[in-house]
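This is what each chain is made of:
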Amino acid sequence: MANPSGPLVGYRVLDLGGPLSLHCTKLIADMGADVIKIEPPSGDESRRVPPFKDDTPHPEKSLYFLHFNTNKRSITLDVEKPDGREILLELCKKVDVVIETQRPSRAQELRLTYRDLSAVNPALIVASITPFGQSGPWRDYKANDMAGIALGNLLYLAGEPGEPPLQPPGEIAYGMASTYGAFGIAVALYHRLESGKGQHIDVSMHECAGHIAGYFIPNFGYTGEKPARASRKGEETDLYDPYKTKNGYARIFIIPIEQWRRLVDWMGNPPSISGPEFEKMAYRRKHPDIVVGAIAEFCARHTKEELYEQGQKRRIAVTPINTAGEFIEMEQTKARELFVDMEHSVIGKYKQFGVVPRLMETPGAIYRPAPLLGQHNKEIYTGDLGMSNDDLVALRAEGVI
Amino acid sequence: MSQLPLEGIRVMELTTGAAGPTVARVLCEFGAEVIRCETRLRGDGHRGEDPKLWNKKPDFMKLQRGKKSFTVNMQTPRGRELVKELVKKSDVLVENFGLGILEKWGLDWPDLQLINPRIILIRVKGMGCTGPHAADLTYGPNVGNTMATTYLWNYPGATTATAEPRTQHPDFMGGVTGAFGVVLALIQRKKTGRGQWIDSAQQEIGASLLGPKYLEYNVNKREPQPEGNRSLVAAPYGPYQCKGNDRWCVIAVYNEDEWQRFAALLEKFGLKRDPKFATHFQRMRHKEALDKWVTSWTIQHDPHDVMELVQGVDVCAAVVQDVEDQFKNDKQYAATGFLVHMNEPEAGDMVTENVPMRLSLTPGKVRGLAPLMGEHTHEIAKTLLGLSEDEIRKLDEEKALY
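The rules behind these values
Residues numbered from 1 in each chain as written. Chains lettered and ligands numbered in written order. Predicted model: local features only at pLDDT ≥ 70, side-chain atom pairs only at ≥ 80, totals over all residues. Helix = DSSP H or I, 4+ residues; strand = E, 2+ residues; numbered from the N terminus. Buried ≥ 20, exposed ≤ 12 C-beta atoms within 10 Å, placed from the backbone. Contact = placed C-beta atoms within 7 Å. Domains from an automatic or database assignment. Axes fitted to C-alpha atoms, helices over the stretch in contact; angles between N-to-C directions. Parallel < 35°, antiparallel > 145°, perpendicular 65-115°, else oblique. Nonpolar A, V, L, I, M, F, W, Y, C, P; charged D, E, K, R; others polar. Pairing = 2+ DSSP bridges. Core = buried A, V, L, I, M, F, W, Y, C linked by C-beta atoms within 7 Å. Left-handed = near helix turned anticlockwise from the far one by under 90°.

Caption draft 1: Quick peek at the overall build of chain A. Regarding its fold elements, chain A presents 17 helices and 12 strands. With the C-alpha coordinates of chain A rotated into their principal frame, the extents come out at 85 × 50 × 45 Å. Buried positions account for 55% of the 401 residues belonging to chain A. Considering only residue pairs separated by 6 or more positions, chain A has 67% of its internal contacts joining residues 24 or more positions apart.

Caption draft 2: Inspection of the overall build of chain B at higher detail. Looking only at helices and strands, one finds 18 helices and 12 strands in chain B. Overall size of chain B, expressed as C-alpha extent along the three principal axes, is 85 × 50 × 45 Å. Counting all 402 residues of chain B, 54% fall into the buried class. Contacts in chain B between residues at least 24 apart in sequence constitute 69% of all its contacts with a sequence separation of at least 6.

Caption draft 3: Broad picture of the domain arrangement of chain B. Structurally, chain B comprises domain 1 (10–209 + 344–397) and domain 2 (237–331). Taking the mean C-alpha position of each, domain 1 of chain B and domain 2 of chain B sit 42 Å from one another.

Caption draft 4: Molecular detail of unusual backbone geometry. All names here are of chain A. The amide bond that connects Pro50 to the next residue, Pro51, takes the cis arrangement and shows omega of 0°. By the secondary structure assignment, Pro51 is in the loop between strand S2 (34–39) and helix H2 (63–68). Of the consecutive residues Val356 and Pro357, the connecting peptide bond is found in the cis state with omega at -20°. The residue Pro357 is located in the loop between strand S11 (348–353) and strand S12 (358–359) in this model. If you check the backbone angles, Asp54 has positive phi at about 55° while not being a glycine.

Caption draft 5: Quick look at the packing of helix H7 (residues 172–195) of chain A against helix H8 (residues 205–212) of chain A. All names here are of chain A. Remark: H7 packs on H8, axes separated minimally by 8 Å, with the N-to-C direction vectors making an angle of 105°. Our classification of the angle between H7 and H8 gives roughly perpendicular. Packed against H7, whose contacting residues are Ile172, Ala173, Tyr174, Met176, Ala177 and Tyr180, the element H8 presents Met205, Cys208, Ala209, His211 and Ile212 at the interface.

Caption draft 6: Layout of the domain arrangement of chain A. Domain annotation for chain A reports domain 1 (12–212 + 336–397) and domain 2 (243–320). Put simply, the middle of domain 1 of chain A and the middle of domain 2 of chain A, counted by C-alpha atoms, are 44 Å apart.

Caption draft 7: Fine view of the environment of Cys208 of chain A. Tracing the sequence through the fold places Cys208 of chain A in helix H8. In this structure the C-alpha to C-alpha distance between Cys208 of chain A and Pro131 of chain A, which are 77 residues apart in sequence, comes to 9.6 Å. Among residues more than four places away in sequence, those in contact with Cys208 of chain A are Ala173, Met176, Ala177, Tyr180 and Val203 of chain A together with Pro356 of chain B.

Caption draft 8: Spotlight on the interface of chain B and chain A. Contact residues are listed per partner, giving 118 residues for chain B and 127 residues for chain A. Element by element, the count of residues in the side of chain B that touches chain A is highest for helix H8 (residues 169–192) of chain B, at 16 residues. Taken together, the residues that form the side of chain B that touches chain A break down as 62 nonpolar, 37 polar and 19 charged. Bridge count for S12 of chain A against strand S6 (residues 197–201) of chain B is 2 bridges, and the pairing is antiparallel. Along S6 of chain B, the bridge assignment pairs Leu359 of chain A with Ile198 of chain B.

Caption draft 9: Representation of helix H14 (residues 303–312) of chain B in the model. Along H14 of chain B, the residues that are buried comprise Pro303, Val306, Met307, Leu309 and Val310 of chain B. Tucked inside the fold, the buried residues of H14 of chain B contact strand S8 (248–252), helix H11 (256–268), helix H13 (287–298) and strand S9 (316–319) of chain B.

Caption draft 10: Examining the sheet that holds strand S8 (residues 248–253) of chain A more closely. Residue and element names in this part refer to chain A. Read from one edge of the open sheet, 3 strands run S7-S8-S9, paired in antiparallel fashion. Edge positions in the open sheet fall to strand S7 (243–245) and strand S9 (317–320), since each of these has one partner strand only. Along the sheet, successive strands turn relative to each other by an average axial angle of 30°, direction set aside. Two elements, S7 and S8, share 3 bridges in a ladder whose sense is antiparallel. Residue pairing in the sheet places Tyr243 in a bridge with Ala250 of S8. On the sheet, helix H12 (residues 288–299) packs against S7 and S8 and is oriented at approximately 20° with respect to S7.

Caption draft 11: Spatial organisation of the nonpolar core. Counting residues in each nonpolar core, the largest one holds 229 residues, and the members touching the most others are Ile28 and Ala186 of chain A together with Leu27, Val182, Val183, Cys249 and Ile251 of chain B. In terms of residue count, the dominant contributor to this core is H7 of chain A (14 residues). Discounting chain neighbours no more than four positions away, the residues touching Val182 of chain B are Val23, Leu27, Val92, Ile120, Ile122 and Ile198 of chain B.

Caption draft 12: How the structure looks around the environment of Phe281 of chain B. All names here are of chain B. Structurally, Phe281 is set in helix H12 (residues 280–285). Judged by the 9 C-beta atoms lying within 10 Å of it, Phe281 falls in the exposed class. Put simply, Phe281 and Leu385 are 104 residues apart on the chain and 70 Å apart in space, counted from C-alpha to C-alpha.

Caption draft 13: Here's a closer look at the packing of helix H1 (residues 22–30) of chain A against H7 of chain A. Residues and elements named next belong to chain A. Where H1 meets H7, the closest approach of the two axes is 7 Å, and the angle between their N-to-C directions is 40°. On the basis of the axis angle, H1 is oblique to H7. Between H1 and H7 lies a crossing of right-handed hand. From H1, Leu22, His23, Cys24, Leu27 and Ile28 reach across to H7, where they touch Tyr174, Gly175, Ser178, Thr179, Gly181, Ala182 and Ile185. Taken together, the residues that form the contact of H1 with H7 break down as 7 nonpolar, 5 polar and no charged.

Caption draft 14: Spotlight on the pairing of S9 of chain A. Residues and elements named next belong to chain A. By the alternation rule, side chains of S9 split into Ala317 and Thr319 and Val318 and Pro320, which are all buried. In this sheet, S9 lies alongside S8 in antiparallel orientation, the contact comprising 4 bridges. Residue pairing in the sheet places Ile252 in a bridge with Val318 of S9.

Caption draft 15: Structural view of the sheet that holds S2 of chain A. Pairing within the open sheet is mixed, and its 7 strands lie in the order S3(A)-S2(A)-S1(A)-S4(A)-S5(A)-S6(A)-S12(B). In this open sheet, the two edge strands, each paired with only one partner strand, are strand S3 (73–76) of chain A together with strand S12 (357–359) of chain B. For this sheet the average axis-to-axis angle between neighbouring strands, irrespective of direction, equals 15°. Sheet analysis places S2 of chain A next to S3 of chain A, joined by 4 bridges and oriented parallel. Residue pairing across strands places Glu39 of chain A opposite Thr76 of chain A, the latter belonging to S3 of chain A.

Shown next, in the form of structure tokens:
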């Protein structure tokens, strides 16, 4: 099996986090850091998240867990037990970064705050990625991904009028908080190279979610304009909604005037939209029935792949609305070898999503699939911490590992 | 005052749109000096077509705050030379033009290495820099299309193309992920003294969150379908309709303790607990009846009250906020100062989002206003490029610094 590679090779990280930081620890692990995932003896909660291989719920068959835990090593440890806490502090002395997602009041109860952890290792960088950050009146409130998206004004916009607001796929509030966390860790490591000092990184999912919806906050602040619920019309273009094709849908996104001209030319200059007045977006917006009608009629005569290939050749921003499988089978995805071959002792051989972003000189790598529960107990407890086999038996009997 | 961690790092920006500018903006917030190259020949998509509005666009302000604006005409040989001079004195170059533009300007990776071996280049592209579709023209809303976000963001069994709203989250997430890559390259450069280039594909970054969906296809050989607001591990779960016009509050109950506290809260308001909701298994089986039961309570209350009451019994709840709520009703944003007011010279009062993360030793911050078109051209020409007043005037007349 291949070895870790990337700019973070040599750094060690403890992953104490829940679902909120999964993408963060993955970004860090895929860039070469040795990430030790600390799971409660009953297993990380993400092991219980569907989908499962063959739809069989099993701690080693969660495809959700499988995706987000590549390259990590797993040890079991109950950090809420006194012996567990002591072992955790021992580990803190040997690592560069700790990532945690406890609510602030709970971290205090457990005496696992930044202050507690950095007391044993002042150079330690601790990233706390939590729903609302470490301060403010909501700091101890609970929030999942959908709650983050709801407060971030993204849920409100999605869905059909009269229907419930609709969550996006892919847990993007968790994703944005995790991405900021990874960026913060990189910045803190860079700073530490010169200063030698560790620090505390406080990421608020709630504030991260405030960044993803778009330009609504600055727009409202300036003009008082509120986007309509369930609006799918862009203000940058009049052609926002996807068009039906012979086999599914495609989106055509036009901003500059050249693209409009190319589109009309491609369509064979239909008289209904070829007049110079249609080159102005404001005019097109006033006549959506004519414009959208003509384009819909054109798209219905082609497959989405034809529109994509021919449209892009003509320098028009056309994209097909793909399923997951169609994305995986796309020529572009294959040419870039985005999915890599992996083998997992329970899942078997499969294709795993690769590394982002791509550093060309020191690229990261997926070199190990997600760990089994406690797979690395022995090598870490007896190897790194110098415990005896008898210690392991005793800790196991106590329910600590 | 504490020093920002990226102070001393100079970032050149040759960008349009949002994803590229976001990379540089995030670096700027942590101390980098960002020089945004642009031209008066045409405002970019966010400055807009109308020169009278160039300095008054709230979306532009969000993307460009804290940066410097250097106007340069890349269609002139002199303009390109000046940019190369600046690259010599910079650490990072961010670009997100269509594939081929940088090459045309003589700023391709091999050229850049000759100009400055320490430079880090990040190329932000919808589909990445290699492969048959590397040159695709894509905007933020296109990026979710190919990777299945658009398809999957829908109600179960939907007959429409998508319920995706007009958002472009891959632009913003791609920007922060790109900035992560740049700082990693800076860490690497400390060891080797050499820069490198980064191929940052927005599509791949957005797709990286959909890994479990792709595994459904790769492992279970099944095409994942839109799931709407479904959860198999929490019930109640989802947005529940509240009092008012189209008002909703998300509630999510994950375990037995939470359920007991939540049900007891509703009982306090006179609701009767149905025995068929006794266990998680039963609640999942009777999800529709359960949702009706919860809605019979939420519909009587303002969503903000629902959130406070449910959080009061330590259960996840969140108002489905619109942007006005974010300004007027979000107590957390108010307390942490998330909405930052700035006074722009031409536009007046503007509001932008604060850095959503605090580093205890080296906190980032919104470092200033968005630059006016060409605001720093003269300063940069004089101090960084060492040009005389006469030379600057001449370049201005030639429309090279334009």
